[in-house]
Amino acid sequence: QQQVKQSPQSLIVQKGGISIINCAYENTAFDYFPWYQQFPGKGPALLIAIRPDVSEKKEGRFTISFNKSAKQFSLHIMDSQPGDSATYFCAASQGGGSTLGRLYFGRGTQLTVWP
Amino acid sequence: KAGVTQTPRYLIKTRGQQVTLSCSPISGHRSVSWYQQTPGQGLQFLFEYFSETQRNKGNFPGRFSGRQFSNSRSEMNVSTLELGDSALYLCASSLVTSGVTGELFFGEGSRLTVL
């Protein structure tokens, strides 16, 4: 049973466009929601993370929007660049941080940004 | 500062054999987590170790085991290999402050192929 559902599976965006990836969860005990970026042959790297006490967090061109009542969160990549082409994973964790080592990942979104 | 180092990077085994994978965390990181990544199941949590103790375990059969040494280095072992064990095995390390695990830093993984 997938604890975190992610869509779309793949996404093609033109350079300069906005990339939007959505995730949904069921477990209301989740209290930490990170996004990871993975390039081929590399391990995932943390991009940005949010806790449910805020509805939005922005870091450069990357923004997480969080809707606690809908149990959904999304990643927006503004001004998408070819270098952003990678696989993006949303994730969730519970337990106030003590079990952060256990992340529940979405299935991933393969983003391709055309020049 | 060196990142998370995993060895070997690639290995090929046959069914029924066993394999041991090694992970050296970032210096100062005492928590080590292991994940299995496959195209079909995505990223799935195997286990987390902190101070040589297993803190969390995912839903994998007993053929999958791990341990952590006093220097925080970790190994995972898979016995009686099956074809379905073919995957990228990722290790992640993190700081633990007041019992709370911080951001996960992933290694590049060990790619296991079972023939």
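As a starting point, this report considers the structure included with it.

What counts, and at which threshold
- Position numbers for residues count from 1 along each chain, tracking the sequence in the order it is written.
- Written order decides the labels, with chains lettered from A and ligands numbered from 1.
- This being a predicted model, a pLDDT of at least 70 is required before a residue's local features are given, and a value of 80 or more before pairs of side-chain atoms are given or counted; all residues contribute to the totals for chains, interfaces and linings.
- Each side-chain value is derived from all of the structure's non-hydrogen atoms; neither hydrogens nor water enter the calculation.
- Secondary structure follows DSSP: runs of H or I at least 4 residues long count as helices, runs of E at least 2 residues long count as strands, and numbering of each begins at the N terminus.
- For this measure, only C-alpha atoms enter the radius of gyration; the expected value for a globule follows 2.2 Å times N^0.38, where N is the number of residues.
- The classification of residues rests on relative accessible area computed with a 1.4 Å probe and restricted to protein chains. Under 20% of the type maximum is buried, over 50% is exposed, and intermediate values are partly exposed.
- Centres within 6.5 Å make a pair out of two Phe, Tyr or Trp rings, where for Trp the six-membered ring is used; the pair is then stacked when the planes are under 30 degrees apart, edge-to-face when over 60, and tilted otherwise.
- Throughout this description, the term salt bridge denotes a Lys or Arg side-chain nitrogen within 4 Å of a carboxyl oxygen of Asp or Glu.

Description of the overall build of chain A
Helix and strand counts for chain A come out as zero helices and 11 strands. Overall, chain A shows an N-to-C arrangement of helices and strands of β-β-β-β-β-β-β-β-β-β-β. Its C-alpha atoms give chain A a radius of gyration of 14 Å, near enough to 13 Å, the size a compact globule of 115 residues would have. With respect to the three principal axes, the spread of C-alpha positions in chain A is 40 × 30 × 25 Å. Out of the 115 residues in chain A, the part that is buried amounts to 46%.

What to know about the packing of aromatic side chains
All names here are of chain A. Counted according to the given criterion, the structure contains 18 aromatic pairs over all chains. Between tyrosine 25 and phenylalanine 73 the ring centres are 6.2 Å apart and the planes differ by 55°, which places this aromatic pair in the tilted class. A residue pair is termed long-range when its members are at least 10 positions apart, and tyrosine 25 in strand E3 (residues 19–25) and phenylalanine 73 in strand E8 (residues 72–77) qualify at 48 residues. Considered together, tyrosine 25 and phenylalanine 73 belong to a single accessibility category, that of buried residues. Taken together, the ring pairs connect Tyr25, Phe30, Phe33, Trp35, Phe66, Phe73 and Tyr104 into an aromatic cluster.

Details of the pattern of salt bridges
Applying the stated criterion across every chain, the model contains 10 salt bridges over all chains. A salt bridge links A:Glu26 to A:Lys71, with the shortest nitrogen-to-oxygen separation between them at 3.4 Å. Here A:Glu26, found in the loop between E3 and strand E4 (30–38), pairs with A:Lys71, found in the loop between strand E7 (62–67) and E8; they are 45 residues apart in sequence, far enough to count as distant. Using a relative accessible area of 60% as the deciding quantity, one classes A:Glu26 as exposed. Put simply, B:Glu108 and B:Arg9 hold a salt bridge, and the shortest N to O gap is 2.9 Å. With B:Glu108 in the loop between strand E12 (105–106) and strand E13 (110–114) and B:Arg9 in the loop between strand E1 (5–7) and strand E2 (10–13), this pair connects stretches of sequence that are 99 residues apart. Take B:Glu108: its relative accessible area is 29%, and that puts it in the partly exposed class. On the basis of relative accessibility, which here comes to 30%, the residue B:Arg9 falls in the partly exposed class. Overlapping salt bridges, with partners in common, bring together A:Lys42, B:Arg9 and B:Glu108 in one network.

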